[in-house]
2 protein chains.
Amino acid sequence: MTNKHSLHVVALAGGVGGAKLAHGLSQTLIPGRLTVIVNSGDDFEHLGLKICPDLDTVCYTLAGIANPTTGWGRWDESWNAMESLERLGGPAWFRLGDRDLGTHLERTRLLSKGWTLSQVTDEFRRAWKIEQTIIPVTDDFVPTMVNTDMGILPFQEYFVKQQCRPVVTGFRFNNVDYSNPAPGVVDAIQKAELVVICPSNPWVSIDPILAIPGVRMEVLSNACPVIAVSPIIGGRAVKGPAAKMYLEMGFKPSALSVAEHYGVRIIDGILSGFVMDNKDKKMSMEIQKMGLQTLVTKTLMKTNDDRKQLAQEVLEFGKELIKKN
Amino acid sequence: MTNKHSLHVVALAGGVGGAKLAHGLSQTLIPGRLTVIVNSGDDFEHLGLKICPDLDTVCYTLAGIANPTTGWGRWDESWNAMESLERLGGPAWFRLGDRDLGTHLERTRLLSKGWTLSQVTDEFRRAWKIEQTIIPVTDDFVPTMVNTDMGILPFQEYFVKQQCRPVVTGFRFNNVDYSNPAPGVVDAIQKAELVVICPSNPWVSIDPILAIPGVRMEVLSNACPVIAVSPIIGGRAVKGPAAKMYLEMGFKPSALSVAEHYGVRIIDGILSGFVMDNKDKKMSMEIQKMGLQTLVTKTLMKTNDDRKQLAQEVLEFGKELIKKN
């Protein structure tokens, strides 16, 4: 492994895929140089508890306490509370592990005392000995709603309860116009020398981040390169409903569609560079024609070495773009 | 084992000791003939959850899912949520097991939907396949406050956080004057052919039951025998601070003090019979002189057979008193 990079980097991330690359970046950047801005559109209240799936996945992953098999939830988890609740007829559609419950209980307790979500997150990442910064994009409640052929569903009802079966016709981020970026978000973007959009679902992980008033604008007013890593490989999402969503929204699921989704900075989008998998090499020319620099490499992250390797390459790619700037 | 009894019995119970005799009674009476009226003065809110320690101990015990070693909490319990919360700096002084948490989460959820505590309890005991009736004495919040040399402490702060160290000077049942017995409590007492006061702490388990307006009155207006089983054996409480409380309140901790605590029905008390341990045989004459019938036997319940045996003897004793009535 070469020396760690000292670049100031902002990563925008959703859950599992985003967390993996964020973890890679956290290991290839010196402490304090990475700020992970996390989607909070999936957050919801369940059993009286405030649940923040993406935030917890990012924190658990960077802390090294995530479940390596599922990518979400905790390592060495038990499910006794859920089992006990289920026997009493309680709602068990959203599976909360016992260790995970400890997080939700303490977060809910602190929120009810008046802490903000970003304060709680900072407290937790310190307790978990995470040396990089993690911020929920907003402290406000901006729940993602999914318009479907079954009506408008709160994200977790669509995602977990209905297991992404309903056909998607659109998305709404409730309350977004009245929301503000959490403290630290704007600062981090202004200070960034590179912005990385992690391989998360563009529709429901990254769009809700960019939709918070000011966030997209701050990214655009910083002249630094913005690189997205495609979550679609060979026309399929590594995980989750991204490909299905593209199809239902009228687009072919592909790396190209992801590049078009974010758009090219000099036109009306946000990107300057795009990272895509070797499998999609054929598309690279077309994406370059859009006006984007491309990096074609292995983007599937199965091991921790994969995470570090991809992070390393993304950072090198970013440095090239900085030079060309 | 002889045939099960068909007597209508009401048992007043607190936590561990009370639950053991209630369990014995539930096994020696035919289903539907026992109503356990449980102290709710220990109930409190913690981590946003409604916790009912005595109610849960009674339910877990009658369901056969209690921890046989501690007498409280769940069998085959894990502690991962607490461990996780503690790592985040959360309050871990009140230890909640994972399976136990499932109970509190579902109870809190139902209460927040408008269910009453007694409705929730009835739902739970059905799910746990308990064939006898269990009712919290009240659906109102009547928390036991302990007056001590450290000031007035909510019960669980005295009992768990301070581990009963403060010197007790008195007790208060907050809000008791404005409280009502839960539905079913008055009916059960009116229908009872025998009332059994279980070997629970008289100060903080049984007094809070009898203090709910109407409960003591209903017991007194029913002509049936009322039998108490002493929780003090050989001057010591089998479990908990009962002996320490008697001492600090200016009484010698003894079976006699317990008998005097409840008092004799024909004078100004509530009892007609008293059950005491063989160890306290010497005191039996004195207690009889007070005007009480006594049963001297083995009252310490170590095994389930002990529970059934004591229940059996209490029921036989009760039948004798009924005959004499």
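Residues numbered from 1 in each chain as written. Chains lettered and ligands numbered in written order. Predicted model: local features only at pLDDT ≥ 70, side-chain atom pairs only at ≥ 80, totals over all residues.

**As for the overall build of chain A**
This is how the line gets drawn: What counts as a helix is a DSSP run of H or I of at least four residues, what counts as a strand is a run of E of at least two, and both are numbered from the N terminus. Residues are called buried when their C-beta atom has 20 or more other C-beta atoms within 10 Å, exposed when it has 12 or fewer, and partly exposed otherwise; all C-beta atoms are positioned from the backbone. By the convention adopted here, residues make contact when the C-beta atoms placed from their backbones lie within 7 Å.
Looking only at helices and strands, one finds 13 helices and 14 strands in chain A. Projected onto its principal axes, the C-alpha coordinates of chain A cover approximately 60 × 45 × 40 Å. Here chain A holds 325 residues, and 53% of them are scored as buried. Counting only contacts in chain A whose residues sit at least 6 apart along the sequence, the fraction spanning at least 24 positions is 67%.

**Topic: the relation of the copies chain B and chain A**
Put simply, the rule reads: When the copies are superposed, the least-squares fit draws on C-alpha atoms of residues that have pLDDT of at least 70 in both.
In the superposition of chain B on chain A (RMSD 0.0 Å, axial shift 0.0 Å), the rotation amounts to 180 degrees. Expressed as an axis order, the relation between the two copies is that of a two-fold axis. For chain B, the smallest separation between a C-alpha atom and the rotation axis is recorded for B:Asp98, amounting to 3.0 Å.

**Side note on the sheet that holds strand E13 (residues 273–277) of chain A**
Residue and element names in this part refer to chain A. Where we set the bar: Only strands joined by at least two bridges in the DSSP assignment are considered to pair. Only the contacting stretch of a helix is used when fitting its axis, a line to C-alpha atoms as for every element, and angles between N-to-C directions run 0 to 180 degrees.
Taken together, 7 strands build an open sheet; the order of strands is E5-E2-E1-E9-E10-E13-E14 and the sheet is parallel. Of all strands in the sheet, those with a lone pairing partner are strand E5 (133–136) and strand E14 (293–297), marking the two edges. Across the sheet, the axes of successive neighbouring strands diverge by a mean angle of 20 degrees, strand direction being ignored. Direction of pairing for strand E10 (residues 226–229) relative to E13: parallel, over a ladder of 3 bridges. Residue pairing in the sheet places valine 229 in a bridge with valine 275 of E13.

**Concerning the interface of chain B and chain A**
Where interface size is given, it is often the accessible area lost as the parts come together that is meant. Here is the rule we go by: Side-chain classes follow a simple rule in which Ala, Val, Leu, Ile, Met, Phe, Trp, Tyr, Cys and Pro form the nonpolar group, Asp, Glu, Lys and Arg form the charged group, and the remainder, Gly included, forms the polar group.
Residue-level contacts link 25 residues of chain B with 25 residues of chain A. Listed by contribution, the elements that provide at least two residues to the side of chain B that touches chain A are helix H3 (80–87), helix H4 (98–112) and helix H5 (117–127) of chain B. Among the elements that line the side of chain B that touches chain A, the one with the most residues is H4(B), at 10 residues. Across the side of chain B that touches chain A, the residue classes tally to 9 nonpolar, 10 polar and 6 charged.

**So, the sheet that holds strand E6 (residues 144–148) of chain B**
Strand-to-strand pairing in sheets goes through backbone hydrogen bonds, with the strands running parallel or antiparallel. All names here are of chain B. If you trace the 3 strands from one edge of the open sheet to the other, you get E7-E6-E8, paired in antiparallel fashion. At either margin of the open sheet sits one strand with a lone partner, and together these are strand E7 (151–154) and strand E8 (168–173). Going from strand to strand, the sheet's axes swing by 25 degrees on average, the running direction of each strand aside. Note: E6 against E8, 5 bridges, orientation antiparallel. Of the residues in E8, the one forming a bridge with methionine 145 is arginine 172. Docked against the sheet, helix H8 (residues 202–210) engages E6 and E8, running at close to 25 degrees with respect to E8.

**Looking at the nonpolar core**
Using the following cut-off: Core membership is restricted to buried Ala, Val, Leu, Ile, Met, Phe, Trp, Tyr and Cys residues, and these are joined into a nonpolar core through C-beta atoms within 7 Å.
Among the nonpolar cores identified, the biggest contains 196 residues, and A:Ala11 and B:Ala11 are the most heavily contacted of them. With sequence-adjacent residues up to four places away left out, A:Ala11 is seen in contact with A:Leu21, A:Ala22, A:Leu25, A:Leu34, A:Val36, A:Val196 and A:Cys198.

**Description of the environment of A:Gly151**
Within the secondary structure layout, A:Gly151 lies in strand E7 (residues 151–154). C-alpha of A:Gly151 to C-alpha of A:Val186: the two residues are 35 residues apart in sequence and 35 Å apart in space.

**Here we look at H3(B)**
Every α-helix winds through 3.6 residues per turn, so residues three or four apart in the chain are directed the same way. Those residues of H3(B) not exposed but buried are B:Asn80, B:Ala81, B:Met82, B:Ser84 and B:Leu85. Buried residues along H3(B) sit in contact with helix H3 (80–87) and helix H4 (98–112) of chain A together with H4 of chain B. Positive phi shows up at B:Gly89, right after H3(B), with a value of about 85 degrees.

**Overview of the environment of A:Arg265**
Residues and elements named next belong to chain A. Tracing the sequence through the fold places arginine 265 in the loop between helix H11 (255–262) and E13. Residue class for arginine 265 comes out partly exposed when judged on the 18 C-beta atoms lying within 10 Å of it. Measuring from C-alpha to C-alpha, the distance between arginine 265 and methionine 290 comes to 10 Å, with 25 residues separating the pair along the chain.

**A look at unusual backbone geometry**
All names here are of chain B. In this structure, glutamine 163 takes a positive phi of about 50 degrees despite not being glycine. Along the polypeptide, glutamine 163 turns up in the loop between helix H6 (155–161) and E8. Within the chain, cysteine 164 stands out as a residue other than glycine whose phi angle is a positive 65 degrees. The residue cysteine 164 is located in the loop between H6 and E8 in this model.

**Considerations on the pairing of strand E5 (residues 133–136) of chain B**
Every other side chain in a regular strand lies on the same face of the sheet, so the side chains alternate between the two faces. Residues and elements named next belong to chain B. Both faces of E5 are covered, namely the face carrying Thr133 and Ile135 and the face carrying Ile134 and Pro136. Bridging between strand E2 (residues 34–38) and E5 involves 4 bridges; their strand directions are parallel. If you follow isoleucine 37 over to E5, its bridge partner there is isoleucine 135.

**What about the confidence of the model for chain A?**
Put simply, the test is: pLDDT is a per-residue confidence score from the predictor, ranging from 0 to 100.
Here chain A averages 96 in pLDDT, while 99% of its residues score no lower than 70. Reported for the predicted complex are a pTM of 0.93 and an ipTM of 0.91.

**Describing the packing of helix H1 (residues 16–28) of chain A against helix H13 (residues 304–324) of chain A**
All names here are of chain A. Applicable threshold: Angular relationships are summarised with four words: roughly parallel below 35 degrees, roughly antiparallel beyond 145, roughly perpendicular across 65 to 115, and oblique for the angles in between.
Two elements in contact, H1 and H13, have axes whose closest approach is 8 Å; the angle formed by their N-to-C orientations is 70 degrees. Put simply, H1 runs roughly perpendicular to H13. Contact residues: Lys20, Leu21, His23, Gly24, Leu25, Gln27 and Thr28 in H1; Arg307, Lys308, Leu310, Ala311, Gln312 and Leu315 in H13. For the contact of H1 with H13, a count of residues per class yields 5 nonpolar, 5 polar and 3 charged.

**A short note on the environment of B:Ala228**
Residues and elements named next belong to chain B. Structurally, alanine 228 can be placed in strand E10 (residues 226–229). Remark: the alpha-carbon pair of alanine 228 and serine 200, spanning 28 residues in sequence, is separated by 9.5 Å. In contact with alanine 228, not counting residues within four places along its chain, are Ile197, Val258, Tyr262, Leu271 and Phe274.

**A closer look at H8(B)**
Within H8(B), 8 of the 9 residues are buried, which leaves it mostly tucked inside the rest of the structure. Every buried residue of H8(B) is accounted for by B:Pro202, B:Trp203, B:Val204, B:Ser205, B:Ile206, B:Asp207, B:Pro208 and B:Ile209.

**Describing the packing of H3(A) against H4(B)**
The cut-off we apply is this: The hand of a helix crossing depends on one turn: near helix anticlockwise from the far one by less than a right angle means left-handed, and clockwise means right-handed.
Put simply, H3(A) and H4(B) touch, their axes get as near as 7 Å, and they point 45 degrees apart. Viewed along their axes, H3(A) and H4(B) adopt a mutual orientation that is oblique. In this structure, the crossing between H3(A) and H4(B) has a hand that is right-handed. Between H3(A) and H4(B), the contacting residues are A:Asn80, A:Ala81, A:Met82, A:Glu83, A:Ser84 and A:Leu85 on the first element and B:Asp98, B:Arg99, B:Leu101, B:Gly102, B:Thr103, B:Leu105 and B:Glu106 on the second.

**A short note on the pairing of E6(B)**
All names here are of chain B. Where E6 and E7 come together, 4 bridges link them in antiparallel fashion. Considered in E7, the bridge of asparagine 147 is made with isoleucine 152. The antiparallel hairpin formed by E6 and E7 contains 2 residues in its connecting segment.

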